[in-house]
Amino acid sequence: ETAVFQTPNYHVTQVGNEVSFNCKQTLGHDTMYWYKQDSKKLLKIMFSYNNKQLIVNETVPRRFSPQSSDKAHLNLRIKSVEPEDSAVYLCASSPWGFNQDTQYFGPGTRLLVL
Amino acid sequence: LAKTTQPPSMEAYEGQEVNVSCSHTNIATSEYIYWYRQVPHQGPQFIIQGYKDYVVNEVASLFISADRKLSTLSLPWVSLRDAAVYYCIVTDLYYAQGLTFGLGTRVSVFP
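Cut-offs applied
Residues numbered from 1 in each chain as written. Chains lettered and ligands numbered in written order. Predicted model: local features only at pLDDT ≥ 70, side-chain atom pairs only at ≥ 80, totals over all residues. Heavy atoms only, no water. Phe/Tyr/Trp six-rings, centres within 6.5 Å; stacked < 30°, edge-to-face > 60°. Helix = DSSP H or I, 4+ residues; strand = E, 2+ residues; numbered from the N terminus. Buried < 20%, exposed > 50% of the residue type's maximum accessible area, 1.4 Å probe, protein only. Lys NZ or Arg CZ within 6 Å of the ring centre and 35° of its normal. Pairing = 2+ DSSP bridges. Axes fitted to C-alpha atoms, helices over the stretch in contact; angles between N-to-C directions. Salt bridge = Lys/Arg side-chain N within 4 Å of Asp/Glu carboxyl O. Disulfide = S-S within 2.5 Å. Core = buried A, V, L, I, M, F, W, Y, C linked by side-chain atoms within 4.5 Å. Contact = heavy atoms within 4.5 Å.

Some remarks on the packing of aromatic side chains
Reasoning step 1: Under the defined criterion, the tally for this structure stands at 13 aromatic pairs over all chains.
Reasoning step 2: For the ring pair A:F64 and A:Y89, a centre distance of 6.2 Å and an interplane angle of 35° mean the geometry is tilted. Taken as a pair, A:F64 in strand β7 (residues 64–70) and A:Y89 in strand β9 (residues 87–94) lie far apart in primary sequence, 25 residues in all. Taken individually, A:F64 and A:Y89 each receive the classification buried, so the pair is uniform in this respect.
Reasoning step 3: Put simply, the rings of A:Y33, A:Y35, A:F105, B:Y34, B:Y36, B:F46, B:Y87 and B:F101 pair up and form one aromatic cluster.
Reasoning step 4: The residue whose ring lies beneath B:R68 is B:Y51, and the NZ or CZ to ring-centre distance is 3.9 Å.

Take a look at the structure:
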């Protein structure tokens, strides 16, 4: 049963364009995350958000920025995409405090930069 | 954060039991062991977590050695749907900086 929703599923764009990906969770969780999964299938944390506050930024390039309107939504904006940004971007959520590492993931948004 | 080592791949036939091992020799006393799996075109899915001894749920069981340096995820009676990449992650329960995924173990299931 899907409880973390991501849109779009797939996006193709050209170098230099701006893109935005949406993520919504219906689990009532307090913390949301963005991960990047590259072509080698390595999953890396990019951001985590708790109660609208950024609590982790894993030294991702400045062109990436998370945007949150409430604790159920965490969007990802890429200001000027580069070819190396081609990847699958996965959104996740978890409760705060104990068990916060039990994360629930969305299906991902696949980005292709031409 | 402790580093984990898993076999890169495993194979099994439907109905067999699959045991995926994970070495975490530098695990800290504050860290727990999590297992996730990922099937193609989906995000990772939480399977089970544990701290010591033996944990079981409706999906899998987890055995953790007495010194906590080795854990084994056991999948009883695998089906084709269990074909996935299985990730062992060691993390502090309160260390809210996201999960560190390795390359995992690719489990292939044959009919």
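Quick word on the pairing of strand β9 (residues 105–110) of chain B
Residues and elements named next belong to chain B.
Reasoning step 1: Along β9, the buried face is formed by T105, V107 and V109; none of R106, S108 and F110, which line the opposite face, is buried.
Reasoning step 2: Two elements, strand β8 (residues 84–92) and β9, share three bridges in a ladder whose sense is antiparallel. Bridge pairing links Y86 to T105 in β9.

Details of the sheet that holds strand β3 (residues 31–38) of chain B
Residue and element names in this part refer to chain B.
Reasoning step 1: With respect to topology, five strands assemble into an open sheet ordered β1-β9-β8-β3-β4, the strand pairing being mixed. Single-partner strands in this sheet number two, and they are β1 (9–13) and β4 (45–50). Adjacent strand axes in the sheet meet at a mean angle of 25° when their direction is disregarded.

Some remarks on the pattern of salt bridges
Reasoning step 1: One pass over the structure, following the stated rule, counts five salt bridges over all chains.
Reasoning step 2: We note a salt bridge from A:R63 to A:E84, for which the minimum N-O separation is 3.7 Å. In this pair, A:R63 is assigned in the loop between β6 (53–57) and β7 and A:E84 in the loop between β8 (73–78) and β9, connecting sequence segments 21 residues apart.
Reasoning step 3: Overall, A:E84 belongs to the partly exposed group, its relative accessible area being 48%.
Reasoning step 4: Measuring nitrogen to oxygen at the nearest pair gives 2.9 Å for the salt bridge that ties B:D82 to B:R37. Remark: B:R37 occurs in strand β3 and B:D82 occurs in the loop between β7 (70–75) and β8; sequence separation between them is 45 residues. Just as B:D82 is buried, B:R37 falls in that class too.
Reasoning step 5: Connected through salt bridges with shared partners, the residues A:R63, A:E84 and A:D85 form a single ionic network.

Here we look at the state of the cysteines
Residue and element names in this part refer to chain A.
Reasoning step 1: Counted by the stated rule, this structure contains two disulfides over all chains.
Reasoning step 2: Note on cysteine connectivity: C23 is disulfide-linked to C91, with sulfurs 1.9 Å apart. The disulfide joining C23 to C91 has a torsion of about -80° about its S-S bond and is therefore left-handed. Of this pair, C23 sits in strand β3 (residues 19–25) while C91 sits in strand β9, and the two are 68 residues apart along the sequence.

Considering the nonpolar core
Reasoning step 1: In this structure, B:V18, B:I33, B:W35, B:I47, B:L73, B:L75 and B:Y86 are the most contacted members of the largest nonpolar core, which totals 22 residues.
Reasoning step 2: When contributions to this core are tallied by element, the ones reaching two or more residues are β2 (18–23), β3, β4, β6 (61–64), β7, β8 and β9 of chain B.
Reasoning step 3: The element contributing the most residues to this core is β8(B), with four residues.
Reasoning step 4: Here B:Y86 is in contact with B:Q6, B:W35, B:Y36, B:R37, B:I47, B:L73, B:L75, B:G104, B:T105 and B:V107, once residues within four sequence places are set aside.
Reasoning step 5: Residues A:V19, A:W34, A:L76 and A:V113 belong to the second largest nonpolar core, which totals 20 residues.

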